[in-house]
Amino acid sequence: MTLALGVLPPPPEKVDVLSEAGGAFPLAISGLEDGVLHAYAPRHAVRNDLHLLARVSRPGRGRYEVEFEVADCFFHSTTEALVHLVVSGVRHRKARRASPRAVVSCPATAVVRFGRSHPRDTEMPIRIVDVSATGCAFVSQQELDAGDLMALEFKLAGRIMNVEARVVRMDPAPYGRYRAGCEITDISDGDRNAISALAAEAEHGSESERNPEAVAALAESRAASTALSARLGGASNGS
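Cut-offs used in this document
- Residues numbered from 1 in each chain as written.
- Predicted model: local features only at pLDDT ≥ 70, side-chain atom pairs only at ≥ 80, totals over all residues.
- Heavy atoms only, no water.
- Pairing = 2+ DSSP bridges.
- Helix = DSSP H or I, 4+ residues; strand = E, 2+ residues; numbered from the N terminus.
- Axes fitted to C-alpha atoms, helices over the stretch in contact; angles between N-to-C directions.
- Core = buried A, V, L, I, M, F, W, Y, C linked by side-chain atoms within 4.5 Å.
- Buried < 20%, exposed > 50% of the residue type's maximum accessible area, 1.4 Å probe, protein only.
- Contact = heavy atoms within 4.5 Å.
- Salt bridge = Lys/Arg side-chain N within 4 Å of Asp/Glu carboxyl O.

Colleague: For this particular structure, what's the right way to read the sheet that holds strand E8 (residues 123–132)?
Modeller: In a beta sheet, neighbouring strands pair by backbone hydrogen bonds and run either parallel or antiparallel. One closed barrel accounts for six strands, arranged E7-E8-E9-E12-E11-E10; its pairing is antiparallel. Across the sheet, the mean angle separating the axes of adjacent strands is 45° when strand polarity is ignored. Inspection of the sheet shows strand E7 (residues 101–114) paired to E8 by nine bridges, in the antiparallel sense. In the sheet register, valine 111 faces E8, and the bridge partner there is glutamate 123.

Colleague: Would you take a moment to explain the nonpolar core for this structure?
Modeller: Nonpolar side chains in soluble globular proteins generally cluster together in the buried interior. Ranked by size, the top nonpolar core spans 29 residues in total, and within it Ile126, Ile128, Phe138, Met150, Leu152 and Phe154 carry the most contacts. Mapped by element, the contributors of at least two residues to this core are E7, E8, strand E9 (135–140), strand E10 (149–156), strand E11 (159–173), strand E12 (177–186) and helix H2 (189–203). Here the element with the most residues in this core is E7; it accounts for six residues. For isoleucine 128, the contacting residues outside a window of four places in its chain are Val104, Ser105, Cys106, Ala108, Ala137, Phe138, Leu152 and Phe154. In terms of nonpolar packing, the next biggest core, distinct from the first, is built from 25 residues, Ile29, Ala41, Leu85 and Val87 among them.

Colleague: I would appreciate a short explanation of the pattern of salt bridges in the present structure.
Modeller: For side chains of opposite charge, pairing can occur when their charged atoms come near one another. Evaluation of the coordinates by the stated rule reveals 10 salt bridges. For glutamate 20, the salt bridge goes to arginine 47, with nearest N and O atoms at 3.8 Å. Of this pair, glutamate 20 sits in the loop between strand E1 (13–19) and strand E2 (24–33) while arginine 47 sits in the loop between strand E3 (36–42) and strand E4 (51–58), placing them 27 residues apart in sequence. For glutamate 20, a relative accessible area of 40% puts it in the partly exposed group. Taking the relative accessible area as the measure of exposure, arginine 47 reaches 43% and is therefore partly exposed.

This is how it looks when you write it as structure tokens:
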């Protein structure tokens, strides 16, 4: 608890948390009493024994993950619940990736398991642009929310992979799309090993291959240009 208080912003303050039940929401921490944190959260989003994760960044101290467990929930209003939180873990997050990654460009299907803005089982076409044994990134026409839990299916390294991933961040992407950075929450050993081998090979590639952001942007531009050329070609042939 002492370490968590040194990492979290001083109360009263809001932090965004990821929920093990899916989705994310703001948690308004009001103070500490009898060894537990008191906070306010959306009533529909919390229950006893629920695990939550906050990712925080403090200037001069770095980035941290703070894990909470909901010890008790109390009625506060029609929209909010008062929750008592126990800190179950604090971890320092390294600035670099924990595992090597490979820049790719492959079509995939994403299905919403738990989402804030999209109903469960919503299916959407995406394109995987970045993958490692512990995370991935994809671009989509649909905007998602941090904390959304997705089931992804794509073909990579000569095999069909089925991966479960949680959205960590969303960023604007070219041509009105969105780029989702995800952490992998469930993956088979075979798929993980195949991705690790692919990423390790990519890490020892050329200078451009070791610059994944540039390669991803180039792949996106090429894909969009190809699609535009096809549409223009069809329009020209029809005229």
